[in-house]
Amino acid sequence: MWLKKQIPNIITLLNLFCGCIAVIFGVQGHLELTALFVALGIGFDFFDGFAARILNAHSELGLQLDSLADMVTSGVAPGIVMFQLLSNVFGSPFHENSNSWGSDLVFTDLDLSYLSLIGLLITLASAYRLAKFNIDTRQTSSFIGLPTPANTLLIISLPLMLKFQQEVWITQIIGNGWFLITLTLVSCYMLNAEIPLFSLKFKTWGFKENIVRYVFLLLAITLIIIFKFIAIPCVILLYVLMSLTFRGKKINI
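Residues numbered from 1 in each chain as written. Predicted model: local features only at pLDDT ≥ 70, side-chain atom pairs only at ≥ 80, totals over all residues. Heavy atoms only, no water.

### A look at the nonpolar core
- Ranked by internal contacts, the top residues of the largest apolar core, which has 39 residues, are Met82, Leu146, Leu158, Leu180, Leu197, Phe216 and Tyr239.
- Looking at this core, the elements with two or more residues in it are α3 (60–90), α4 (121–135), α5 (148–164), α6 (168–174), α7 (177–192), β4 (196–198), α8 (211–227) and α9 (231–245).
- Counting residues in each nonpolar core, the second largest holds 13 residues, with Cys18, Phe37, Val38 and Leu160 among its members. (Core = buried A, V, L, I, M, F, W, Y, C linked by side-chain atoms within 4.5 Å. Buried < 20%, exposed > 50% of the residue type's maximum accessible area, 1.4 Å probe, protein only. Helix = DSSP H or I, 4+ residues; strand = E, 2+ residues; numbered from the N terminus.)

Shown next, in the form of structure tokens:
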């Protein structure tokens, strides 16, 4: 019985493990690998809740552990990704005097490179959202504000588009530092905005009570098949628009 209750927590720890690896790759600048392990972590994040419902193994420990794991996978990792993207445009505010272990890490002269640190606002906004989520009784079956995994998928889609869909217009947009800063600020706002959004957690599999979820998933899968990584920002926008459209309707969202 004890082991059965721990299965969701073990899955949550796998989320945290993937998040730690994602952070390591992110610091090293391997953003595609960061995206891979973030995606794996988000997958574990979905299945830990699913396992808890199936096994009836909900616990306060699991709730806190889930938020701590999300803080790494969907908080620290996307902040580092945005920092690295901004550093490619403005430069990094850090430099090393040597490559030896223990070398001094110092700040350069004040210049535009400090704008790269704005990317870490995503980490701060994610921490604030996760803390609010843990004490907000309104978010038991839906969300208030953009969930951190959804925001993280938006952020990690950027280096994937640059790597695998090298269209000129994509490179120009994502390579624009002011676009990245604007996106960072918008994502920070959306994480903590008082906007009700439906959850993708299924309590039952019936079509009528889950019509919004089924329609959204069908549209999302279609967009991703057709447009690949470019579809991810569109899917996030679709998620928000559908939530606003069906808000207040007599549909279980």
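### Describing the side chain of asparagine 192
- Counting through the fold element by element, asparagine 192 comes out in helix α7.
- Excluding residues that lie within four positions of it along the chain, asparagine 192 makes contacts with Ala125, Tyr128, Arg129 and Lys132. (Contact = heavy atoms within 4.5 Å.)

### Quick look at the packing of aromatic side chains
- Counted by the stated rule, this structure contains eight aromatic pairs.
- Between phenylalanine 90 and tryptophan 178 the ring centres are 5.5 Å apart and the planes differ by 70°, which places this aromatic pair in the edge-to-face class. Taken as a pair, phenylalanine 90 in helix α3 and tryptophan 178 in helix α7 lie far apart in primary sequence, 88 residues in all.
- Residue tryptophan 178 is classed as exposed on the basis of its relative accessible area of 51%.
- Taking 5.7 Å as the distance between ring centres and 75° as the angle between the ring planes, the aromatic pair formed by phenylalanine 198 and phenylalanine 216 counts as edge-to-face. One end of the pair, phenylalanine 198, is in strand β4; the other, phenylalanine 216, is in helix α8, with 18 residues separating them in the sequence. For the pair formed by phenylalanine 198 and phenylalanine 216, the shared burial category is buried. (Phe/Tyr/Trp six-rings, centres within 6.5 Å; stacked < 30°, edge-to-face > 60°.)

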